[in-house]
Amino acid sequence: MRGRSDGSRKKRLLTSVGVVAVVILFLYLYFGSQSDGESALEYGSRSLKKFGSSYLSGEEDIDLDKDDTSFKLGLDDGEDGIVPKSFPVCDDRHSELIPCLDRNLIYQTRLKLDLSLMEHYERHCPLPERRFNCLIPPPAGYKIPIKWPMSRDEVWKANIPHTHLAQEKSDQNWMVVNGEKIVFPGGGTHFHYGADKYIKSLANMLKFQYNKINNKGRLRTVLDIGCGVASFGGYLLKYDVLTMSVAPNDVHQNQIQFALERGIPAYLGVLGTKRLPYPSRSFELAHCSRCRIDWLQRDGILLLELDRLLRPGGYFAYSSPEAYAQDEEDLRIWRKMSALVERMCWKIAEKRNQTVIWVKPLNNDCYMEREPGTQPPLCRSDQDPDATWGVSMEACITPYSDHDHRTGGSGLAPWPARSTAPPPRLADFGYSKDMFEKDTEIWHHRVENYWNLLSPKISYDTIRNVMDMKANMGSFGAALKNKNVWVMNIVSEEGPNTLKLVYDRGQIGSIHDWCEAYSTYPRTYDLLHAWTLFSDIEKKGCSGEDLLIEMDRILRPTGFVIIRDKQHVIDFVKKYLTALHWEAVTTANTSTELDQDGDEVVFIAQKKLWLTAESLRTTE
């Protein structure tokens, strides 16, 4: 009896084990088939590492609330937070996600926007519960970008698999598909035969010596509105002229993505209802080559935004059929536009063929001589011309301060002396010349140290696109002046608004709030520098984890991050290296005789190249 009972028990046990095995096999087969494309393969590794599924499908409303206490930076209080072994990978269709410029978000949330005012191209960030808290996968076949200066003229097609501009602009020589590469002949909407000849013609119109657009270093920063693929800005670089190329994520999608892939400074932005994120008097030249902008709308508010951004004596180069007045409609627009800029006190510097160049006055004399009631009016004295983050444009002229009116002009040294000369606007912040020079010296020393730490990993052309995520006075960027790089300098929207010092030093940048995503495509920067940035957002109550995911989004595969912060911040970041697929390069103390910030630690990490299983199949 006991034997038969034991046998029955064994049979039941075997049956149970068999059922469990069948269920496990079914689950494995089912979920294994569902998870294709959700795994990540590191470059050079044979093992697939599971990341999980996408957080948000794009069509569904999913509750993504997380326990923020698990991810706070307060690791120096003894709390060892829960750290995920992996981050989910976004669906492959999100490989070009720009969270605050996501049109799917606009459709899903049914935002009521005025399309005629371009509001749908302005920033609209998702609420925390709608964020894509997942790693952005590279497209199928992604390759390490071609190095500068070769990248100015060609990029890998697999990295930006969009060729519609090659057909749409085939008669304008924007870009040409050539096998595995996309080639950029240097053409544009108005300069089909090359940006270089066009740039020389502008210099000739302005009577600059030897037809050199930099005018002996006096013309350094340029704003190119509706830049296309940024060939204008790309060809200006050889003249030591730095261009902020701006275009929206519109029907000509990927313009800015192409620009950044080429190693040319660029920013996703639009002249809509909000001010561009740059302080007043930032640019010596603004440029529009058939940029399809209605400059007469809303009492000329868009031209008045350019006026705010131009330095005293700055130029606006406008290449368009209206400047030539070929037919009645063009003539009507030209007459109205001419009357508007005349009331704004702009003068024609030169007009030739389809290009006109206006020049802005050096002081307030013309403004004071206008008839009472002349439109557009002068801005009120309580309107800050440097406030930009979420600030609406005003249809008014920004006059100069009493000091700037008396001195006339910008008072800036020519480039390259401008990089280290104390800017005239230092006094706006109560900074002394000695403070500025000490800051410049300290950051020169720090950057030298960074490059020594990076030297085993980089060569002269490894790094091209650099972002200083907390630029202060721009001394980090100034210290890189002789490197083969350009720097996007970011200044916090909370202030002080030292970005105007950055521009006065001949650099470019933008205002930003790092509690939100930045206006750029994924995989657009080779090096991110974050000085005490995590400590700052910790005080604001924002998520350090979100910031790490955003840094990963905009960092190119094999790119580097340099984090200079307190030890507990470095410890926090290190816990996420495996989840992010970053690799530690080095950790270093910072205290020296010159630099006595002994509580700061430097940590350098490198992003690995990985592909999803779906990308691998597509590539094969």
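Cut-offs applied
Residues numbered from 1 in each chain as written. Predicted model: local features only at pLDDT ≥ 70, side-chain atom pairs only at ≥ 80, totals over all residues. Heavy atoms only, no water. UniProt positions renumbered as here; feature names shortened; annotations may be inferred. Helix = DSSP H or I, 4+ residues; strand = E, 2+ residues; numbered from the N terminus. Buried < 20%, exposed > 50% of the residue type's maximum accessible area, 1.4 Å probe, protein only. Contact = heavy atoms within 4.5 Å. Areas by Shrake-Rupley, 256 points an atom, 1.4 Å probe, with all protein chains shown as cover. Pairing = 2+ DSSP bridges. Axes fitted to C-alpha atoms, helices over the stretch in contact; angles between N-to-C directions. Phe/Tyr/Trp six-rings, centres within 6.5 Å; stacked < 30°, edge-to-face > 60°. Lys NZ or Arg CZ within 6 Å of the ring centre and 35° of its normal. Disulfide = S-S within 2.5 Å. Parallel < 35°, antiparallel > 145°, perpendicular 65-115°, else oblique. Left-handed = near helix turned anticlockwise from the far one by under 90°. Nonpolar A, V, L, I, M, F, W, Y, C, P; charged D, E, K, R; others polar. Salt bridge = Lys/Arg side-chain N within 4 Å of Asp/Glu carboxyl O. Polar contact = N/O pair within 3.5 Å; in protein donor to acceptor, adjacent residues only side chain to side chain.

Looking at an unreviewed UniProt entry, one finds the chain named Methyltransferase and attributed to Heracleum sosnowskyi. Within the UniProt record for the chain, the comment given under Sequence similarities (unreviewed entry) is "Belongs to the methyltransferase superfamily."

Asker: Describe the overall build of the chain, with residues and values.
Answerer: Counting its regular elements, the chain contains 19 helices and 20 strands. A burial count over the chain gives 55% of its 620 residues as buried. A separation threshold of at least 6 residues defines the contact pool for the chain, and within that pool the share at least 24 residues apart is 71%. In the form shown here, the chain has an accessible surface area of approximately 27600 Å², with 51% of it arising from carbon and sulfur atoms.

Asker: Describe in detail the sheet that holds strand 4 (residues 176-178), supporting the description with residues and values.
Answerer: What holds strands together in a sheet is hydrogen bonding between their backbones, with the strands either parallel or antiparallel. Strand order across the open sheet formed by 3 strands is 3-5-4, with antiparallel pairing between neighbours. This sheet does not close on itself; its edge strands, each paired only once, are strand 3 (154-156) and strand 4. Strand-to-strand twist of the sheet, defined as the mean angle between neighbouring strand axes without regard to direction, takes the value 30°.

Asker: Any details on the packing of aromatic side chains? Residues and values, ideally.
Answerer: Enumeration according to the criterion identifies 24 aromatic pairs in this entry. Pairing Phe87 with Tyr576 gives two aromatic rings, centres 5.9 Å apart and planes at 10°, and the pair type is stacked. With Phe87 in the loop between strand 2 (48-50) and helix 2 (103-109) and Tyr576 in the loop between helix 17 (567-574) and helix 18 (577-580), this pair connects stretches of sequence that are 489 residues apart. Considered together, Phe87 and Tyr576 belong to a single accessibility category, that of buried residues. Aromatic side chains Phe316 and Tyr318 sit 5.9 Å apart centroid to centroid with 25° between the ring planes, which places their arrangement in the stacked category. With a relative accessible area of 4%, Tyr318 lands in the buried category. Members of the aromatic cluster, joined through ring pairs, are Tyr267, Tyr278, Phe283, Tyr503, Trp514 and Tyr518. Taking the ring centre of Phe184 as reference, the NZ or CZ of Arg262 above it sits at 4.1 Å. The positively charged end of Lys351 is found above the aromatic ring belonging to Trp334, 5.1 Å away from the centroid.

Asker: Now, about the sheet that holds strand 17 (residues 555-565): what can you tell me, with residues and values included?
Answerer: Ordered in space as 15-14-13-16-17-19-18, the 7 strands form an open sheet in which the pairing is mixed. Each of the sheet's edge strands pairs with one partner strand only, and the pair in question is strand 15 (508-512) and strand 18 (582-589). Here the strands of the sheet are splayed against their neighbours by 20° on average, with no regard to which way each runs. For strand 13 (residues 465-468) and strand 16 (residues 525-531), the ladder comprises 3 bridges, and the chain directions are parallel. Following the sheet pairing, Asp468 is matched in strand 16 by His529. Running over the sheet, helix 12 (residues 433-454) touches strand 16, strand 17, strand 18 and strand 19 (601-607) and is turned about 135° from strand 17. Its contacts with the sheet place helix 15 (residues 533-540) against strand 16 and strand 17, and it is angled at close to 75° to strand 17.

Asker: Break down the state of the cysteines for me, citing the residues and quoting the values.
Answerer: Evaluation of the coordinates by the stated rule reveals 6 disulfides. There is a disulfide in this structure between Cys100 and Cys125, and the S-S distance comes to 2.0 Å. Disulfide Cys100 to Cys125: torsion about the S-S bond roughly 110°, handedness right-handed. In this pair, Cys100 sits in the loop between strand 2 and helix 2 while Cys125 sits in the loop between helix 2 and strand 3, placing the two residues 25 residues apart along the sequence. Disulfide pairing is shown between Cys345 and Cys366; the S-S distance is 2.1 Å.

Asker: Residue-level account of the packing of helix 15 against helix 17, with values.
Answerer: Here helix 15 crosses helix 17 at 95°, and the two axes come no closer than 9 Å. Overall, the two elements helix 15 and helix 17 adopt an arrangement that is roughly perpendicular. Between helix 15 and helix 17, the contacting residues are Phe534, Ser535 and Glu538 on the first element and His568, Val569, Phe572 and Val573 on the second.

Asker: For unusual backbone geometry, give the residues involved together with the corresponding values.
Answerer: Look at the link from Trp148 to Pro149: it is a cis peptide, with omega at 10°. Looking at where Pro149 falls in the secondary structure, it is placed in the loop between helix 2 and strand 3. Here Asn215, not a glycine, exhibits a phi torsion of approximately 50°, which is positive. Looking at the element boundaries, Asn215 is found in the loop between helix 4 (195-205) and strand 6 (221-225). Classification of Asn215 as buried rests on a relative accessible area of 17%.

Asker: Go over the pairing of strand 17 with me, naming the residues and quoting the values.
Answerer: For strand 17, the buried fraction is high: 10 of the 11 residues fall into the buried class. Direction of pairing for strand 16 relative to strand 17: parallel, over a ladder of 6 bridges. Its bridge partner lying in strand 17, Leu527 is registered against Phe560. Judged from the 6 bridges that link them, strand 17 and strand 19 form a sheet pairing that is antiparallel. Note on strand 19: the bridge partner recorded for Asp565 is Val601.

Asker: Please give an account of the packing of helix 7 (residues 297-309) against helix 9 (residues 328-343) that cites residues and values.
Answerer: Where helix 7 contacts helix 9, the two axes come as close as 11 Å, and the packing angle between them is 60°. In terms of orientation, helix 7 lies oblique with respect to helix 9. For helix 7 against helix 9, the interelement crossing comes out right-handed. Contacts between helix 7 and helix 9 involve Asp299, Gly300 and Leu303 from the first element and Met337, Leu340 and Val341 from the second. Classifying every residue of the contact of helix 7 with helix 9 gives 4 nonpolar, 1 polar and 1 charged.

Asker: Account for the pattern of salt bridges, with residues named and values stated.
Answerer: Opposite charge on two side chains lets them pair, provided their charged atoms get close. One pass over the structure, following the stated rule, counts 27 salt bridges. In this structure, the salt-bridge partner of Arg131 is Asp546, at a minimum N-O distance of 2.6 Å. Placement of the pair is Arg131 in the loop between helix 2 and strand 3 and Asp546 in helix 16 (residues 544-554), with a sequence separation of 415 residues. Close ionic contact of Asp536 with Lys470 constitutes a salt bridge, the shortest N to O distance being 2.9 Å. With Asp536 in helix 15 and Lys470 in the loop between strand 13 and helix 13 (475-479), this residue pair connects regions lying 66 residues apart in the sequence. We classify Asp536 as partly exposed; its relative accessible area is 25%. In this structure Lys470 comes out as partly exposed when scored by relative accessible area, which is 25%. Residues joined in a network through salt bridges with shared partners are Glu284, Arg311, Arg418, Arg425 and Asp504.

Asker: Kindly report on the side chain of Thr374, identifying the contributing residues and their values.
Answerer: Inspection of the secondary structure assignment puts Thr374 in the loop between helix 10 (365-369) and helix 11 (402-407). Within the structure, Thr374 has its side chain in polar contact with the backbone oxygen of Glu371 (distance 2.5 Å).

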